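Structure assessment
Chain by chain, the residues:
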Amino acid sequence: MKNVTSSIHQRQQQQQHLLSDPNPISPRSSPNWGRSAAVFGRTWLLALLTLVVVLGVVLPDLRAPDGIFGGSKIAVSKWRDYTLEEAVPFVAKNGTLIVCAVSQPYLPFLNNWLISISRLKHQDKVLVIAEDYATLFAVNSRWPGHAVLVPPAPDAQVAHKFGSQGFFNFTSRRPSHLLYILELGYSVMYNDVDMVWMADPFPYLEGDHDVYFTDDMTAVKPLNHSHDLPPPGKKGRTYICSCMIFMHPADGAKLVMKKWIEELQAQPWSNVKKSNDQPAFNWALNRTSAQHIKKCFPSLMPSTTGMVDLYLLPQVAFPTGGLYFKNQTWVQETKGLHVIIHNNYITGFEKKIKRFRDFGLWFVDDYAVLESPLGRI
């Protein structure tokens, strides 16, 4: 009984001590706290060092990034050797892929375009043709296999202005890339990344035409306009946009790409004639189109055998920026019919972003993390 009474008395003294101490878990309340904390600290530090060693030795791909865009040296070497021949079948779905060409300054536009495509569930068939190694590594470190660089890489570290030699060098590589994809046997859609998808374009690409394209003119067409190549303008050629093209791997499409390459070689950029790729694309269309040659140059082509089957996409679905952003009456009258919007008829990186923001079409700020396969890049 004496032992029980003594135990109860000791427990009461301990409780009174705890109640009288306002900081019972502070070092003052327990003389053994410092010793325990030291032991715990050493154990925790040892465990942390062990984890670092394991991650560094056993899982080398999870080490700290070797460069600005992350990824080990092995991964960087892998993407340098990654070829178009490998990338196309990896990305293509049901024999079709969507291609863009991007340099580092335009990564925000790439992300904005990708968000709009992701909302329509077509992002998995997108292949980014990187025009510099920074873009190649930035995309593939976040979205492996969806970017490829076709050497040699042009100087693309700055946002080249429309009409500059840098812009010409950048865009003049496009037909060669597209021709190679056609030669591999795939259907391909090309987009510039200053575009936004509002609806699924693929229902408009049905049929077996060789090349599908859009008009770059701002004059309003009737909703039931012809799908033939339009008549030439004042310069003797049409004004078709080279920024949205869809092709099947047919001989006709390959012929247009070859002619486009020839026209670019025949009309190189110079300080006097600051050309771009679009006039050459139009000459290629004009010189291969059966309907156009027969209509405009009947004496040159008595037979249209072997010519190309071209298809002009509806203006209401694929309007040029000079129409969509500058004719709000037309936009309201055709609301709900727009499919891909092109932010052209304006030059300047910041001006394009501002225009997209003004029209509620700049998604990067609010939706990149959740809706882009690249996240916030």
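Refer to the structure above for everything that follows.
Residues numbered from 1 in each chain as written. Predicted model: local features only at pLDDT ≥ 70, side-chain atom pairs only at ≥ 80, totals over all residues. Heavy atoms only, no water.

Points about the environment of Phe281
With respect to the helices and strands, Phe281 occurs in helix H10 (residues 277-286). With a relative accessible area of 0%, Phe281 lands in the buried category. C-alpha of Phe281 to C-alpha of Cys241: the two residues are 40 residues apart in sequence and 8.4 Å apart in space. The contacts of Phe281, once residues within four sequence positions are left out, are Ile240, Cys241, Ser242, Ile245, Val256, Met257 and Trp260. (Helix = DSSP H or I, 4+ residues; strand = E, 2+ residues; numbered from the N terminus. Buried < 20%, exposed > 50% of the residue type's maximum accessible area, 1.4 Å probe, protein only. Contact = heavy atoms within 4.5 Å.)

Some words on the sheet that holds strand E2 (residues 126-130)
Strand order in this open sheet of seven strands is E3-E2-E1-E4-E7-E6-E8, and the pairing throughout is mixed. On the outer flanks of this sheet lie strand E3 (147-149) and strand E8 (310-312), each paired with one strand and no other. If you compare each strand with its neighbour and ignore which way they point, the axes differ by 30 degrees on average. Both strand E1 (residues 96-102) and strand E4 (residues 187-191) contribute to a ladder of four bridges, which runs parallel. (Pairing = 2+ DSSP bridges. Axes fitted to C-alpha atoms, helices over the stretch in contact; angles between N-to-C directions.)

Focus: the pairing of strand E6 (residues 211-215)
Across the five residues of E6, five count as buried, placing the element largely inside the fold. Where E6 lies against strand E7 (residues 240-247), five bridges are found, and the strand directions are antiparallel. Across the sheet, the residue bridging to Phe213 is Ile245, located in E7. Pairing between E6 and E8: three bridges, direction parallel. For Phe213, the partnering residue across the bridge sits in E8 and is Leu312.

Points about the packing of aromatic side chains
The relation between two aromatic rings is expressed through the spacing of the ring centres and the mutual angle of the planes. Taken as a whole, this structure holds 17 aromatic pairs when the rule is applied. Both rings, one in Tyr106 and one in Phe109, keep their centres 5.7 Å apart while their planes meet at 45 degrees; by these two values the pair is tilted. Its relative accessible area of 22% is what places Tyr106 among the partly exposed residues. On the basis of relative accessible area, Phe109 is assigned to the buried category, the value being 0%. Site record: aromatic cluster; members linked through ring pairs are Tyr106, Phe109, Tyr324, Phe325, Phe349, Phe356, Phe359 and Trp362. In this structure, Arg119 is placed above the aromatic ring of Tyr367, and the distance from its NZ or CZ to the ring centre is 4.8 Å. (Phe/Tyr/Trp six-rings, centres within 6.5 Å; stacked < 30°, edge-to-face > 60°. Lys NZ or Arg CZ within 6 Å of the ring centre and 35° of its normal.)

Some points on the packing of helix H5 (residues 107-118) against helix H15 (residues 364-371)
Axis separation between H5 and H15 bottoms out at 10 Å; the angle between their running directions is 65 degrees. Once H5 is placed against H15, the crossing between them reads as left-handed. Across the interface between the two elements, Pro108, Asn111, Asn112, Ile115 and Ser118 from H5 touch Val364, Tyr367, Ala368 and Glu371 from H15. Residue composition of the contact of H5 with H15, by class: five nonpolar, three polar and one charged. (Left-handed = near helix turned anticlockwise from the far one by under 90°. Nonpolar A, V, L, I, M, F, W, Y, C, P; charged D, E, K, R; others polar.)

Some details on unusual backbone geometry
Residue Pro152 is reached from Pro151 by a cis peptide bond, and omega for that bond is 0 degrees. Here Pro152 shows up in the loop between E3 and helix H7 (165-171). Of note, the phi angle at Lys121 is positive, near 65 degrees, even though the residue is not glycine. Within the element layout of this structure, Lys121 appears in the loop between H5 and E2. Residue Lys121 is classed as exposed on the basis of its relative accessible area, which comes to 68%.

Considerations on helix H6 (residues 133-142)
With respect to burial, H6 is a largely interior element, seven of its ten residues being buried. All buried positions along H6 are accounted for by Ala134, Thr135, Leu136, Phe137, Ala138, Val139 and Asn140.

Some words on the environment of Asn282
Within the fold, Asn282 resides in helix H10. Each C-alpha atom of the pair Asn282 and Thr238 lies 5.9 Å from the other, and the pair is 44 residues apart in sequence. Of note is the side chain of Asn282, whose polar atom sits 2.9 Å from the backbone oxygen of Gln278. (Polar contact = N/O pair within 3.5 Å; in protein donor to acceptor, adjacent residues only side chain to side chain.)

Observations concerning the environment of Gln123
Here Gln123 shows up in the loop between H5 and E2. Expressed as a C-alpha distance, the spacing of Gln123 and His146, which sit 23 residues apart in the sequence, is 9.9 Å. Ignoring anything within four residues of it in the chain, the contact list for Gln123 reads Ile117, Ser118, Trp143 and His146.

A word on the pattern of salt bridges
In total, this model carries ten salt bridges according to the counting rule given. Here Arg119 ties to Glu371 by a salt bridge, and the two come within 2.7 Å at their closest N and O atoms. In this pair, Arg119 is assigned in the loop between H5 and E2 and Glu371 in helix H15, connecting sequence segments 252 residues apart. By relative accessible area, which is 25% here, Glu371 ends up partly exposed. Salt-bridge contacts for Asp365 lead to Arg357; the nearest nitrogen and oxygen are separated by 2.8 Å. (Salt bridge = Lys/Arg side-chain N within 4 Å of Asp/Glu carboxyl O.)

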